[in-house]
Amino acid sequence: MKTTKTTIILHLIAWGVGVLWLLPFLGVFMASIRPYDEILHGWWILSPFTASLSSLAKAWTDPYYPLSRGLLNSFIVAVPSTIIPLFTGALAGYGFARFSFRIKSYLFLTTVLLMALPQQSVIIPLFQMMANLKLIDSYLSLVLVHSAWGLPWIILFMRNFFSTLPIEVEEAARVDGASDWKIFFRIVLPMALPALASVVVLQFMWVWNDFLLAKIFIYEESMYLATQRIEYVGREQFRVNWGVLSAASIIVMIVPILVYVLLQKYYVRGMIGWTVKG
Amino acid sequence: MLFLVVYPILQTVYLSFLSSSGEFAGLSNYSEILGDTDIVNVAHFPKWPPLGALVHNTIWILIHLPLSMFSGLALAIILRDVKGSSIVKSIIFIGMVTPLIVGGIILQYTFTERFGLVTAFFDLLGVEELSRTWTALPNTALFALVFGSVWLWTGFSMIIYSAGLATIPKEYYEAAKIDGAGPFKTFKRITFPLLRPLNITVITMTILYDLKIFDIVYVATFGGPGKASTVLAFEMWLQGFRYFNPNGAAVIATLLTLLTLVVTIPMIRYMVRR
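Residues numbered from 1 in each chain as written. Chains lettered and ligands numbered in written order. Predicted model: local features only at pLDDT ≥ 70, side-chain atom pairs only at ≥ 80, totals over all residues.

A few points about the overall build of chain A
Note the following rule: The way it works is that DSSP assigns letters per residue, a run of H or I at least four long becomes a helix, a run of E at least two long becomes a strand, and they are numbered from the N terminus. Three classes are used. A residue is buried when 20 or more other C-beta atoms lie within 10 Å of its own, exposed when 12 or fewer do, and partly exposed in between, with C-beta atoms placed from the backbone.
Across its full length, chain A holds 13 helices and 0 strands. Ordered by position from the N terminus, the helices and strands of chain A form the series α-α-α-α-α-α-α-α-α-α-α-α-α. Principal-axis analysis of the C-alpha atoms gives chain A an extent of 75 × 70 × 35 Å. Split into buried and exposed, the 278 residues of chain A put 45% on the buried side.

In C-alpha cells, the structure reads:
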C-alpha cells in the first residue's frame, strides 16, 4: 500500500516536471502556428484557436533574411564540417588504437583542454588569420575551424572504440592477404558504425548550433547561416513580432531536434563517452 | 590542428600585451580592462546593477551550478523508477540540443510581459515588478538569463547522473532494504557515495558553460539594459568586433582561458589519477 502511494507521487512529480520543462517550447510552437492576434495575451488562451501557417511562411520567405536560405547555408557548412573530421578522425583513431600506444595521454589532455577552452580564447587570432588568407565571407573558414576543433575528441572517441574491437578478426583477414586499407574499410569501419553515428550526431549538432564563429567569419547577408538570421527575422519597426520570431526559432531548432529524436541512442552514448569516460 | 588551435591561444596571450600600434605595452591593457566598469563595477558593488561582467559571471555560477546540479540529480533519481521516464528525459534533454541562440529567444519570450508564461504567472500572483518584461529591466535581466540557462542545461547533469545510477547494482538496494534502511539512508549511504565521482564532471562542465555563455546574452538582452546582464564572453566580443580593440579583447580572452584552466585542472588531475 505504501509503495503504491509513493509510486503515484513519484509519477506525478516526474510528469509534472516534464510538462513544466516542455511549456516554453510549447509556447513558441503555439506562437508559430497561430495568428499574431491570438497570442497577444498569451499563447495559453486557447479560444479562439486557429491554426495558421502564415508566421512560418513569413519566416521561411522573409524578404531580407529568408530562413529557407539559412537552412541551406547551414547544411552547406555542417555537412563537410562533419564528414571531414569524421573520416580523418576515424582513420587517425584506428592508427592510434592499433599501431601506437603512447599517444593516449597526450591526446586525452589535448581533448580535455579543447573541450574546456572557450572559443573566445582564439577568435581574435583566427579572425586575423582568416582575414589574411582572404577567407572572411567564405564557408571554407568555418569548415576548417570546425574540423580542427572537432578532430581531437573524435580521434580520442574513435581510438577508445577501436581498442574494444577484437583484433582477431583483423588478424584473420591479414592472414588471408588483405591490406591494411582493405581491412580498415571492409572490416573495421562497418563494425564501427554505431561509434561513427555518435560522432556524426554530436559534431553535426555542434556545428549547426554554432553562432559565434559564423558571426565573426560571415558578413555577407545572403551567406548568413540559420543561427545568424534569428536576430533579424520578425523584428518590426516598433515591436517584435513574436509569431514570426517563434516560427523562425522553430525552423532553426527543428533540424537538431529531429537528428536527436531519430538518433537519440547514439547522441547520449557519444555524450557520455565523451564526458564521463573521457 | 596546431595551426588552428594551439597557435591562436598563444597568439591571444601575446596580443594581450601589445598596444594598438603593436608595441609591447606590458600590463597596461590589463589595468585598462580590469579598471573598466563594464568588467568590474566597484562603485555599484553592494547595490545593483550593473555590477560588471566578471561579477555577473560569478553570480551566474553561484545560482546556476547548484540549481542545475541538484535538479539534475533529483530528476535522475526520481525518473529511475517512473514509467515512461524516457519520454520525460527526452523532453528535459531538448534544451541541450536546442541551438543556444534559439534558447535565448525562447527564454526571452517566456519572460516577456503579456506574452510569456512566467510574467503572466507573477501577474496572476499580483507581483507587479515580476510581471514586466524581465529582459528589459536592469533588476531582472540577468536573472531571466540565469534561470533560462538552468532550464536549458539541467538535461546535462540529469543524463550524466542517470548513466551513473544505471551502473549501481540492484543488489545493493535489495541488501539495504533487507537491512531495513529507509530511502534517505539508502541515498546517503549508497546512491550518493557511488555517484560522487560524477560530481567533478558535472561541476566542471557546468562552470565552463557559465564562463563561456554568450549566445543567449547576445540575443535575449545584448548585455543590457545598460550592461545589467553583460558577461565576459560578450564583453570580449564587443571589444574585438564592435570597438575594434583586439588587444583589449585579447586581455578578456586570456582571463577567460586562465579561469577555464583553473576550473579544469582538478578534473584533469582526477582523471589522470584514475
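Further notes follow.
Overview of unusual backbone geometry
Unlike most non-glycine residues, A:K134 shows phi in positive territory, near 60°. Secondary-structure assignment places A:K134 in the loop between α5 (123-132) and α6 (139-162). Taking the number of C-beta atoms within 10 Å as the measure of exposure, A:K134 has 9 and is therefore exposed. Phi at B:F222 is positive, roughly 55°, even though this residue is not glycine. Secondary-structure assignment places B:F222 in the loop between α10 (215-220) and α11 (232-241).

Regarding the domain arrangement of chain A
Residues and elements named next belong to chain A. Let me state the cut-off plainly: Start and end positions for the domains come from either an automated domain assignment or a database one. This entry defines residue contacts through backbone-placed C-beta atoms, with two residues in contact when those atoms are within 7 Å. Side-chain classes follow a simple rule in which Ala, Val, Leu, Ile, Met, Phe, Trp, Tyr, Cys and Pro form the nonpolar group, Asp, Glu, Lys and Arg form the charged group, and the remainder, Gly included, forms the polar group.
Domain boundaries assigned for chain A yield domain 1 (2-52) and domain 2 (64-277). Computed over C-alpha atoms only, the centres of domain 1 and domain 2 are separated by 33 Å. Taken together, the contacts link 6 residues of domain 1 with 7 residues of domain 2. Residue classes in the side of domain 1 that touches domain 2 are distributed as 5 nonpolar, 1 polar and no charged.

Remarks on the nonpolar core
Rule in force here: A set of buried Ala, Val, Leu, Ile, Met, Phe, Trp, Tyr and Cys residues, joined to one another through C-beta atoms within 7 Å, is what we call a nonpolar core.
Grouped together as the largest cluster of nonpolar side chains are 151 residues, with contacts concentrated most on A:M158, A:A248, B:V217, B:L232, B:A233, B:F234 and B:I252. Sort the elements by how many residues they give to this core and α6(A) lands first, with 15 residues. No fewer than three residues from each of domain 1 (2-52) and domain 2 (64-277) of chain A sit in this core. In this structure A:A248 touches A:A59, A:L67, A:R229, A:I230, A:V233 and A:G234, once residues within four positions along its chain are discounted.

Some words on helix α12 (residues 242-262) of chain A
Residue and element names in this part refer to chain A. Applied cut-off: By definition here, a helix of n residues has an expected span of 1.5 Å times n minus one. What is called the bend at a residue is the angle between a pair of axes, fitted to the seven residues leading up to and ending at it and to the seven starting from it.
With 21 residues, α12 extends 29 Å between its outermost C-alpha atoms, agreeing within 8% with the 30 Å of an ideal straight helix rising 1.5 Å per residue. At I254, α12 shows its largest kink, close to 40°, and the proline P256 lies no more than four residues downstream. Among the 21 residues in α12, 15 count as buried, and that is most of the element.

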